[in-house]
Amino acid sequence: MKTYLVTGGAGFIGSNFIIYMLKNFKDIKIINLDSLTYAGNLNNLKEIESDVNYHFVHGDIRDNFLVNKIFEDFKVDYVVNFAAESHVDRSIEDPETFVKTNVLGTLNLLNCAKKAWYVDGKWKEGKRFHQVGTDEVYGSLGETGYFTESTSLDPHSPYSASKASSDLMVKAYFDTFQMPITITRCSNNYGPFQFPEKLIPLLINNAINHKALPIYGDGLNVRDWLYVEDHCKAIDMVINNGTIGEVYNVGGHNERKNIEIVKEVIEYLNREYDNTITEELITYVEDRKGHDRRYGIDPSKIKDELGWYPETSFEKGIIKTIKWYLKNKQWMEEITSGEYENYYNKMYNK
Ligand code: NAD
Ligand code: DAU
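The protein chain is annotated in an unreviewed UniProt entry as dTDP-glucose 4,6-dehydratase from Clostridium sulfidigenes. Turning to the protein chain, the UniProt record has this under Cofactor (unreviewed entry): "NAD(+)". Regarding the protein chain, the UniProt comment filed under Sequence similarities (unreviewed entry) reads as follows: "Belongs to the NAD(P)-dependent epimerase/dehydratase family. dTDP-glucose dehydratase subfamily."

**What to know about the site of ligand 2**
Within the structure, ligand 2 sits among 23 residues, and Asp135, Glu136, Tyr159, Arg288 and His291 are positioned closest to it. Asp135 is positioned such that a nitrogen or oxygen atom in its side chain is 2.5 Å from an oxygen atom of ligand 2. In the environment of ligand 2, an oxygen atom lies 2.6 Å from a nitrogen or oxygen atom belonging to the side chain of Glu136. Isolated, ligand 2 exposes 690 Å² of accessible area, and the fraction of that covered by the protein chains is 95%. If one sorts the elements of the shell around ligand 2 by residue count, strand β10 (residues 213-216) sits on top with three residues.

**Description of the site of ligand 1**
Looking at ligand 1, there are 28 residues lining it, with Ile13, Asp34, Ser86, Tyr159 and Lys163 nearest. Within the backbone of Asn189, a nitrogen or oxygen atom sits 2.9 Å from an oxygen atom of ligand 1. Protein contact buries 97% of the 830 Å² of open area that ligand 1 shows by itself. Listed by contribution, the elements that provide at least two residues to the shell around ligand 1 are α1 (12-24), β7 (128-134), α5 (158-177) and β9 (188-190). Here the residues of the shell around ligand 1 are counted per class, giving 12 nonpolar, 13 polar and three charged.

**Digging into the sheet that holds β7**
Here we have seven strands laid out as an open sheet, ordered β3-β2-β1-β4-β7-β8-β12, and parallel in their pairing. Unpaired on one side and paired on the other, β3 (54-58) and β12 (247-250) mark the two borders of the sheet. Recorded for the sheet is a direction-independent mean angle of 20° between the axes of neighbouring strands. Note that strand β2 (residues 28-34) and β3 share five bridges and pair parallel. Considered in β3, the bridge of Asn32 is made with Phe56. Lying over the sheet, α1 contacts β1 (2-7), β2, β3 and β4 (78-81), oriented at roughly 170° with respect to β2.

**A closer look at unusual backbone geometry**
Unusually for a residue other than glycine, Gln178 sits at a positive phi of about 55°. Of note, His253 is a non-glycine position whose phi angle comes to about 50°, a positive value. Summarising the element assignment, His253 is placed in the loop between β12 and β13 (255-257). Note on His253: relative accessible area 42%, which makes it partly exposed.

**A closer look at the pattern of salt bridges**
Scanning all chains against the criterion turns up 19 salt bridges. The shortest N-O distance in the salt bridge between Lys75 and Asp77 comes to 2.9 Å. Here Asp77 falls in the buried class, since its relative accessible area comes to 3%. Ionic pairing is found between Arg271 and Glu272, a salt bridge with its closest N-O pair at 2.9 Å. Residue classification places Arg271 among the partly exposed residues on the basis of a relative accessible area of 48%. Members of the salt-bridge network, linked through shared partners, are Arg90, Glu197, Lys198 and Glu339.

**Some remarks on the state of the cysteines**
Under the criterion given, the structure shown has zero disulfides. Cys186 takes part in no disulfide bond, and the closest cysteine sulfur, belonging to Cys232, lies 9.2 Å away.

**A word on the UniProt feature "domain: NAD(P)-binding" (unreviewed entry) in the protein chain**
UniProt feature "domain: NAD(P)-binding" (unreviewed entry): in the numbering of this structure it lies at residues 5-320. Annotation note: span residues 5-320, helix share 40%, strand share 19%, distance between end C-alpha atoms 29 Å.

**As for α5**
With 20 residues, α5 extends 28 Å between its outermost C-alpha atoms, agreeing within 8% with the 28 Å of an ideal straight helix rising 1.5 Å per residue. For α5, every residue scored as buried is listed here: Tyr159, Ser160, Ser162, Lys163, Ala164, Ser166, Asp167, Val170 and Tyr173. Turning to α5, the residues buried within the fold contact α3 (88-93), α4 (95-117), β7 and β8 (181-186). Residue Gln178 follows α5 closely and has a positive phi angle near 55°.

**Concerning the packing of helix α6 (residues 199-208) against helix α8 (residues 258-272)**
To describe two helices that pack against each other, one gives the angle between their axes and the distance between the axes. Between α6 and α8, the least distance of the axes is 10 Å, while the angle of their chain directions is 40°. The angle between α6 and α8 places the two elements in the oblique class. Judged by the twist between their axes, the crossing of α6 over α8 is right-handed. Mapping the contact onto sequence places Leu199, Ile200, Leu203, Ile204, Ala207 and Ile208 in α6 and Asn258, Ile261, Val262, Val265 and Leu269 in α8. In the contact of α6 with α8, the residues fall into 10 nonpolar, one polar and no charged.

Rules used in this analysis
Residues numbered from 1 in each chain as written. Chains lettered and ligands numbered in written order. Predicted model: local features only at pLDDT ≥ 70, side-chain atom pairs only at ≥ 80, totals over all residues. Heavy atoms only, no water. UniProt positions renumbered as here; feature names shortened; annotations may be inferred. Near = heavy atom within 4 Å. Polar contact = N/O pair within 3.5 Å; in protein donor to acceptor, adjacent residues only side chain to side chain. Areas by Shrake-Rupley, 256 points an atom, 1.4 Å probe, with all protein chains shown as cover. Helix = DSSP H or I, 4+ residues; strand = E, 2+ residues; numbered from the N terminus. Nonpolar A, V, L, I, M, F, W, Y, C, P; charged D, E, K, R; others polar. Pairing = 2+ DSSP bridges. Axes fitted to C-alpha atoms, helices over the stretch in contact; angles between N-to-C directions. Contact = heavy atoms within 4.5 Å. Buried < 20%, exposed > 50% of the residue type's maximum accessible area, 1.4 Å probe, protein only. Salt bridge = Lys/Arg side-chain N within 4 Å of Asp/Glu carboxyl O. Disulfide = S-S within 2.5 Å. Expected span 1.5 Å × (residues − 1). Parallel < 35°, antiparallel > 145°, perpendicular 65-115°, else oblique. Left-handed = near helix turned anticlockwise from the far one by under 90°.

Encoded structure:
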């Protein structure tokens, strides 16, 4: 029975990961450590909250006393570090919070894991510290080429700079202490439970409320979209079969211009939900500062070494996702009350 310490498990990808793992494996235990920032939502975990193999701890990854206590109370085998400040626009307004959680939080987790796992000059068997990284650490691509694992790090936003720093700290614990680590760097995820500050849920929420659909700059920036469950599958495969000390890029060759995404969302909603949702809602707004032009992942390494492949095509995944948000309006209403309103007005109603 392996015990996973999942951090940030009440957020978008972390909650999908916990649900995916508990559905697919009966012989694991999951401890979810989450401080429940604006992005953390325990409602995401309703379907597994009473599972005997699931345990929630409310707390901060920077809390040295608490994290050491988790390692004392549970025989943690794997750390999967999702906990982060994750939104680029917020990092432009408040970089410090990103450094505190993404860099110092990761460092604290590394230190606590080392304290528990490195005993009498040896690493205990079967341990793994997995860092959930992002393709944004590689910077921006021109019209051609892809990010490989050996592409130089060139982050442009305070968010991606903090994620690059945390990746490097994790790598340093491998290089210096031979800590058993792995890192994945994934492209843009979409799917259920994504906080509506991010493009796709924001578009769906605004469209069904007949609000403007804000497009930064010329709308031609490109992102490489992956259905969240395919990311969860990749993380599981890397933890269990990936080579210690290695980085694995995760992406499904699903590049889309932002304007194409907006048009697809409008087209589906117009056809299947409400024919007053039209392209007239599209509103071009001021560009994001330092806006990366294009991301594109080369996933050859994870495919060739571990046999990973994306199971959900974008065409199927986007419909599944829109349907999920239409079915879960209550979830959206709850999450958009309170803090979100202030954030939204500050960002979009300047
Ligand atoms: P999210 O913002 O939806 O969730 C982050 C979670 O971390 C929240 O539950 C929040 O409460 C928790 N958290 C934040 N600070 C914390 C702290 N100090 N201590 C404990 N918990 C804390 O983020 P997400 O989109 O699910 O991303 C998860 C991870 O995956 C992040 O590390 C992100 O960088 C990475 N990632 C995201 C994407 C994407 O497209 N969303 C792609 C690649 C990688
Ligand atoms: O690439 C992986 C990264 O993807 C993750 O590491 C981040 O945590 C995640 O937030 C995401 O970052 P992006 O900045 O790419 O995602 P976002 O949804 O914020 O924006 C996607 C694109 O859409 C980007 O080019 C900016 C644009 N955009 C976004 C918003 C919120 C708009 O045009 N209008 C908007 O209102």
